Amino acid sequence: MFSFLKDRRRAALRAEPLTPDERATIDKNVPYASRLDDADRKELEGLVKIFLAEKSFEGCGGLEITEEIQVTIAALACVLLLHRETDIYPGVDAILVYPSAYRAPSARAEGGVVIEGEQARLGESWTRGVVVLAWDHVKSGAAQPADGQNVVLHEFAHQLDGEDGAMDGAPDLGARARYTSWAHVLGAEFSELSAKLHAGRGSDIDSYGATSPAEFFAVVTEMFFEKPRALKRRHPELYEELATFYKQDPAERSSSLAARRP
Ligand SMILES: [Zn+2]
């Protein structure tokens, strides 16, 4: 209902440019955004404007929310939305940010929650409206954009996964036929990861991905954006599935960038 009002409000938000400070924060903390071409960067900034206007941020554990916190989280979350028809995380109303890895009361662990880590939590995605993040981990993820770990990409991948009603490792893929290929490829990779860990062997995919299909999807999303060339080389089918879903080709982007370097 009233979606035309929402569309109009969003169009106005998109038309308004980010401030130079907001742009500088994105360049500093979201290197992926600096590699986008002009059209994609413009699309990303429009999504960020809407995200900032529609989501509330709440500092927890004494943390004061700053523009850097808001813009960094918004830009990383919106990287996952480029090129897609999106209602911009309609299930997320609020982002709670703690200064560092935090301990949540156990009551919070009930129902509809994906909780990361055992005691000290880096982030959580609640199916009802809330994402919880630890700012020090957001910042360290931003400082190391090629280590395959980024808690914001991870938590918002859970949100995309949950948009079809279930956080089960299969987001809304559109055409029915896509599910067969997704289940085949991600299922095989998930089983292979679990088998490797069982056998005491390491894997280039973070072992946390073996926790469940939902965690697998979140973990390979981090790798897709942060180690795209390695993922494509070692897991080409998995890379293809993710490239089709995310409508982006970060391996191509990072290799063309490498080619341009003297
Ligand atoms: Zn997770």
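Everything below is about the structure shown above.
Being a predicted model, the structure only gives us computed values, none of them experimental.

**Looking at the packing of helix 2 (residues 20-29) against helix 4 (residues 38-54)**
Moving on, step 1. Viewed as axis vectors pointing N to C, helix 2 and helix 4 meet at an angle of 110°, and their least axial separation amounts to 12 Å. Relative to helix 4, the element helix 2 is oriented roughly perpendicular. In the crossing of helix 2 with helix 4, the sense of the turn from one axis to the other is right-handed. Judged by residue contacts, Glu22, Arg23, Ile26 and Asp27 of helix 2 engage Arg41, Glu45 and Leu52 from helix 4.

**Some thoughts on the pattern of salt bridges**
Moving on, step 1. For the structure on display, the rule yields 12 salt bridges.
Moving on, step 2. Residue Arg10 pairs with Asp87 through a salt bridge whose shortest N-O separation is 2.9 Å. One end of the pair, Arg10, is in helix 1 (residues 3-15); the other, Asp87, is in the loop between helix 5 (67-79) and strand 2 (92-98), with 77 residues separating them in the sequence.
Moving on, step 3. Overall, Asp87 belongs to the partly exposed group, its relative accessible area being 34%.
Moving on, step 4. Asp204 serves as the salt-bridge partner of Arg234, at 3.2 Å between the closest nitrogen and oxygen. Taken together, the residues Arg234 in helix 10 (residues 228-234) and Asp204 in the loop between helix 8 (176-198) and helix 9 (213-226) connect sequence positions 30 residues apart.
Moving on, step 5. Here Arg234 falls in the partly exposed class, since its relative accessible area comes to 47%.
Moving on, step 6. Several salt bridges converge on common partners, so that one network encompasses Lys6, Arg9, Arg10, Glu54 and Asp87.

Parameters and conventions
Residues numbered from 1 in each chain as written. Predicted model: local features only at pLDDT ≥ 70, side-chain atom pairs only at ≥ 80, totals over all residues. Heavy atoms only, no water. Axes fitted to C-alpha atoms, helices over the stretch in contact; angles between N-to-C directions. Helix = DSSP H or I, 4+ residues; strand = E, 2+ residues; numbered from the N terminus. Parallel < 35°, antiparallel > 145°, perpendicular 65-115°, else oblique. Left-handed = near helix turned anticlockwise from the far one by under 90°. Contact = heavy atoms within 4.5 Å. Salt bridge = Lys/Arg side-chain N within 4 Å of Asp/Glu carboxyl O. Buried < 20%, exposed > 50% of the residue type's maximum accessible area, 1.4 Å probe, protein only.

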